[in-house]
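Residues per chain, in single letters:
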Amino acid sequence: MTRRERTLGALLTGATVLAVAPVAEATTREFWVAATPAIWNMAPNGRDALTGTRLDPSQILMPTTVYRRYTTGWRQRLPNAATSGNQNLIPGPLLRARVGDKLVVHFKNMDFTRMNGHSMHFHGVEYKPSSDGTHVPGVSGRGGDVPPGKTWTYRLTAGEQSTGVWPYHDHSSSMHESLEGGMYGMLSIRARHEALPDKEYVVVFAPMGDFQTIDGRAFVGNTPVFRARIGQLVQWDVMAIGSEHHTFHVHGHRWQQAGAARDTQTVGPAESFRVRWRERDRGVWLYHCHIEQHMERGMIGSYRVTR
């Protein structure tokens, strides 16, 4: 082989390597979300399956306001759940992006029942004060307390430190009532070259009324039933809302945290984390908060893995 042929071969090899190394390009992702009134049932089957106790409707039914996903211009409602759980409305829609992306979240307050102001405040991403979504009289802008019938657009950036999962929630003048009623959701931000999981589950631990809930529901048979198949890459997005700490535990499974295997992890108010694994264990498994009083008051669900 001549020197010229060797040089040409090296150049072609280099070109081939570059061609198969995709570049993760940033994009702008738009979301349309509204605050809408709802009558929420924390336990649709009306019972605590572990003890067989029947629950009174006055304990499990509550009027509230929730975040709902919509098509462009709030023309049509969409399901909140883009994941494999069986939930809708609580939590709010899972907003997915990648590091470097711009997120444009169009928000409309449709709370014409209670006529409360509402907002969206986001953790883990970059934004200007006009997109903070927090109500402080005399300080914050219009996006911190959007009146019924009005809209606001929040403009966010998924920065280099945004990889992971993060809460968003109402931070308006009605914040405390709204959080107790389930007005929260999660951001899921991937690293630049990180693939989407096959299954992504959202688990929000929060007190509600007389119970401790997962995604606004209490007790097995009401809480989300998550499903996967052997071989799938699954991701659990976990956070806590309220003033209590919780411990996330999945029976029969482990994950890596700081280089060590573990099967239980603590999460505090407005804290969040994600765990991933490649599924290999068939069966019906429990997941729950390992604080016993919380589990007894409803924080327990099932995870079903098939071949």
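Residues numbered from 1 in each chain as written. Predicted model: local features only at pLDDT ≥ 70, side-chain atom pairs only at ≥ 80, totals over all residues. Heavy atoms only, no water.

On to the pattern of salt bridges, then. Overall, the coordinates contain eight salt bridges when judged by the stated rule. E160 is the salt-bridge partner of R192, the closest N and O atoms lying 2.4 Å from each other. Taken as a pair, R192 in the loop between strand 11 (184–190) and strand 12 (199–208) and E160 in the loop between strand 9 (151–157) and strand 10 (164–169) lie far apart in primary sequence, 32 residues in all. Overall, the relative accessible area of 32% leaves R192 in the partly exposed class. (Salt bridge = Lys/Arg side-chain N within 4 Å of Asp/Glu carboxyl O. Helix = DSSP H or I, 4+ residues; strand = E, 2+ residues; numbered from the N terminus. Buried < 20%, exposed > 50% of the residue type's maximum accessible area, 1.4 Å probe, protein only.)

Of note, S162 is situated in the loop between strand 9 and strand 10. Of the polar contacts made by the side chain of S162, one reaches the backbone nitrogen of G159; its length is 2.9 Å. The residues touching S162, leaving out its near neighbours within four places in the chain, are G124, V125, T157 and I189. (Polar contact = N/O pair within 3.5 Å; in protein donor to acceptor, adjacent residues only side chain to side chain. Contact = heavy atoms within 4.5 Å.)

Pairing in this open sheet of four strands is mixed, and the strands run 13-12-15-20 from one edge to the other. Among the strands making up the open sheet, the edge pair consists of strand 13 (211–214) and strand 20 (272–278). The sheet shows a mean angle of 15 degrees between the axes of neighbouring strands, taken without regard to direction. (Pairing = 2+ DSSP bridges. Axes fitted to C-alpha atoms, helices over the stretch in contact; angles between N-to-C directions.)

Here we take up the confidence of the model for the protein. On average, residues of the protein score 91 in pLDDT, and 90% of them are at 70 or above. For the stretch residues 1–21, pLDDT sits under 50, and the model shows one contact to residues farther than four places along the chain or on other chains. (pLDDT = per-residue confidence, 0-100.)

So, about the packing of aromatic side chains. Inspection of the entire model under this criterion finds 19 aromatic pairs. Measuring from ring centre to ring centre gives 4.8 Å for W32 and W74, while their planes differ by 85 degrees; the resulting arrangement is edge-to-face. You can see W32 sitting in strand 1 (residues 28–41) and its partner W74 sitting in the loop between strand 4 (61–70) and strand 5 (77–78), a full 42 residues away along the chain. Relative accessible area serves as the criterion here: at 17%, W74 is assigned to the buried category. Members of the aromatic cluster, connected to one another through ring pairs, are Y201, F226, W236, F248, W255, F273, W277, Y287 and Y303. (Phe/Tyr/Trp six-rings, centres within 6.5 Å; stacked < 30°, edge-to-face > 60°.)

A separate point is the sheet that holds strand 10. Across the sheet, which stays open at both edges, the four strands sit in the order 6-11-10-8 with mixed pairing between neighbours. Looking along the sheet, the strands with just one partner apiece sit at the ends: strand 6 (95–98) and strand 8 (121–122). Sheet analysis places strand 8 next to strand 10, joined by two bridges and oriented antiparallel. If you follow F122 over to strand 10, its bridge partner there is Y168.

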